[in-house]
Amino acid sequence: MARVRHNVAKLPAGDQTLYWYNRAIGQLQQRPSTDPTSWEYQAAVHGKAGINEGPGSQQDPFLGQCQHSTWFFLPWHRMYLYYFEQIVAAEVAKLGGPADWALPYWNYCDTSDPDALKLPEAFRNPTLPDGSTNYLYVEDRGPNTNEGAPIIQSDAVALDKVLPQPGFSGTWPKGGFGGFQTDGANHDGGTFYQDSVESQPHNHVHVDVGGWMGDPDTAALDPIFWLHHSNIDRLWEVWRNIDPTTHLNPSDQSWLNNVTFQFHDVEGQAVTMSSSQVLDTTKLGYSYDDVSNPLAQPGADTALGAALPKAEVRMSDAIPPELVGATETSFEVHGEPVDINVPLTSPSSARANLTALGAANSADTETPPPQPRVLLQLENLTASAPARSYYVYVNVPPGATPEQHPELRAGRISLFGIAQASRATSQHAGSGQTHTLDITDIYHRLFQQAGQDPDRIRVTLVPVHDRAGAPITVGGVKLFFA
Ligand code: C2O
C-alpha cells in the first residue's frame, strides 16, 4: 500500500482526506481507553493524561514514551505516526473510504502561503456544515487559535539555521538537525540544541497552538498534533534530500539498533522497533508529495533572518569549551521581562578571547583565524505546569526596551515538556530543561561597540505570548567559549 502524505493547505477542492480523518477519529474515540487502537490510548502513548487505571494505566510500559531532547526524537515520532496512520487508515477502509488514506501535513513553514501560520480551517469549527460533530476541533487551544488568527510567530518556523546543518547529531555543545546525542532513551528532561528541528519549529509550534498541544501529556489528543508531526517527519526527509552525500543519518549502533521502542500495531499486537527500521519511508509504505528545499526558493528569507548581519568568522571545532561566566543563584521568572546579570568568572581569559574575536572580525582578511563560538546556556529550567515561551536578549542598553533591539535577540526558548522534566521519576532526574543559544554574532557586534561592561553580560528574558503560563525557575545562566 503506497500512501502519499499531502500538504493539508493544498488538497484539491472536493478532496476527502480530512473527511475520512474526521470520521475515523469519531470511531476511535468510541473505543475503550484500554484498547491500544483507541484515540485515548494512542494519545497516552505520548503522554499519560486521562488513563490512570486498568491495562492502560500509569504502569503500562507502552504509555508516556515520547522521546524528547534526544537524537531519538525523530525516529521515535516516525514510528509513532506510522502505527497511528495504520490504525486510522484501517478504520477509514472499514468505513468505506480509500484503502490508501494517508495522514496529511501542516506546513506552517511555507512562506508562500499567507494562511500557513493559522490553524488549518477544517480544525476550527465545532460542527461541520451539515451540523454534525467536527472531531478535528478541540476547544482546549490557545487564545485565537480557533478564531483563525495567525498564531505561530513567523520567526519560530524559520528554517535557515536548521536545514543547512550537515550533522544529524553531535555531543554538547555541537548538536545537529536531530538534536544532541544521548546515551539511551530519554523523556522530556535534558538539553535542547537551538538549531535542531525539535527546538525550531517543533517546540515553538506546540506552544503557539497552545491548550492541549502545549503539554506532552495532552498534545496528541488534539487531531492537529498528527499533522504537525507529519510535517516534522517530512522536514527530516527535506533535510536528507538537500544533500544526500553529507546530510546523513547516524551510523552508530547505539542509535540504529541498540535502543528499541514498543508500540501496538493496527491489530493491537505489541511490536518492537529500532531506528534502523524507519530510515526509508518507502519501506514503511509512505512518502511525501514534496521534499524540496524551501530555502532554495526566492523570498524564503525570513524578515528577522534578513535583518541580521552575518558574521564572517570561521569557527573552530577543536577548541574545548571554556566556562567564562556563570550566575551564582537561581532566578524566578513570572511572565514579566527579567534581567539576569552573568558575571564573567574568568574575565581575563574572556577579555583575551573577545579581543581576538573583535580583531578577527574587523580584520580585512579573507581567512581570519578560527574563533571560538560564544554560547549562552540557560540551565535547569523548571516549572510545575506548562510555561510560556521566552525570547532571550543580550545586553539591551539601559533605558531601551528589548523590542527596540531585535539585533540583540539570541533566540527563543519554548519549554514544551518542562513540567514533566521538572518531576523526578524513574525516567529522569527532574532537573528540568537546559537550552543552549549561540550568541557568537551578537557578541561580535557588541564587542565592536564602546561602552560594554567587560566584566558581565546582561541577559533579558521576555515572554513571547501575552497569555497565562506557570512561573519558571532558571537554575543558572552560563557563558562558554567553545
Ligand atoms: Cu513528542 Cu511534538 O512531541
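Above: the structure in question.
Residue positions are given per chain, counted from 1 along the sequence in the order it is written. Side-chain atom pairs in this predicted model are given and counted only at pLDDT of 80 or more, local residue features only at pLDDT of at least 70, and totals for whole chains, interfaces and linings cover all residues. Note that water and hydrogens are dropped before the side-chain values are worked out from all heavy atoms of the structure.

Draft legend 1. Focus on the sheet that holds strand 15 (residues 476-481). Pairing is mixed across the open sheet formed by 5 strands, whose spatial order is 2-12-9-15-6. Each of the sheet's edge strands pairs with one partner strand only, and the pair in question is strand 2 (190-193) and strand 6 (322-326). The average angle at which neighbouring strand axes cross in this sheet is 25°, direction not considered. Strands are treated as partners if at least two bridges between them are detected by DSSP. Helix and strand labels come from DSSP, where a helix needs a run of H or I of at least four residues and a strand needs a run of E of at least two; each type is numbered from the N terminus. With axes taken as lines fitted to C-alpha atoms, and helix axes fitted only over the stretch in contact, angles between N-to-C directions fall between 0 and 180 degrees.

Draft legend 2. Looking closely at the pattern of salt bridges. A side-chain nitrogen of Lys or Arg and a carboxyl oxygen of Asp or Glu constitute a salt bridge if their distance falls within 4 Å. Per the counting criterion, the structure on display carries 15 salt bridges. Here Arg 412 makes a salt bridge to Asp 208, at a shortest N to O gap of 2.8 Å. Of the two residues, Arg 412 sits in strand 11 (residues 409-413) while Asp 208 sits in helix 4 (residues 198-209), which places them 204 residues apart along the sequence. What emerges from the salt-bridge pattern is a single network uniting Arg 5, Arg 78, Glu 85, Asp 233, Glu 237 and Arg 240.

Draft legend 3. Up close: the side chain of Ser 422. Along the polypeptide, Ser 422 turns up in helix 9 (residues 418-422). Reaching out from Ser 422, the side chain makes a polar contact with the backbone nitrogen of Ala 383 at a distance of 3.0 Å. Contacts: residue pairs with any heavy atoms within 4.5 Å of one another. In this view, Ser 422 contacts Leu 381, Thr 382, Ala 383, Gly 430 and Gly 432; residues no more than four positions away in its chain are not counted. Distance and chemistry together define a polar contact, namely a pair of N or O atoms within 3.5 Å, with one atom able to donate a hydrogen and the other to accept it when in protein, and with adjacent residues in sequence counting only for side-chain atoms on both sides.

Draft legend 4. Focus on the packing of aromatic side chains. For Phe, Tyr and Trp, where Trp contributes only its six-membered ring, two rings pair if their centres lie within 6.5 Å, and the inter-plane angle classes them as stacked under 30 degrees, edge-to-face over 60, or tilted in between. Enumeration according to the criterion identifies 25 aromatic pairs in this entry. With a centroid separation of 5.6 Å and 70° between ring planes, the pair formed by Phe 72 and Phe 261 is classed as edge-to-face. Here Phe 261 lies in strand 3 (residues 260-264) and Phe 72 lies in the loop between helix 2 (39-46) and helix 3 (73-94), a separation of 189 residues in the sequence. For the pair shown, Phe 72 and Phe 261 are each scored as buried. Joined through ring pairs, the aromatic side chains of Trp 39, Trp 76, Tyr 80, Tyr 82, Tyr 83, Phe 84, Phe 225, Trp 226 and Phe 263 make up one cluster. Above the plane of the ring of Tyr 391 lies Arg 409, whose end atom (NZ or CZ) is 3.6 Å from the centre. Burial here depends on accessible area, computed with a 1.4 Å probe over protein chains only, as a share of the maximum for the residue type. Under 20% is buried, over 50% is exposed, and the range in between is partly exposed. Note on criteria: charge over ring means Lys NZ or Arg CZ within 6 Å of the ring centre, with the direction from the centre no more than 35 degrees off the ring normal.

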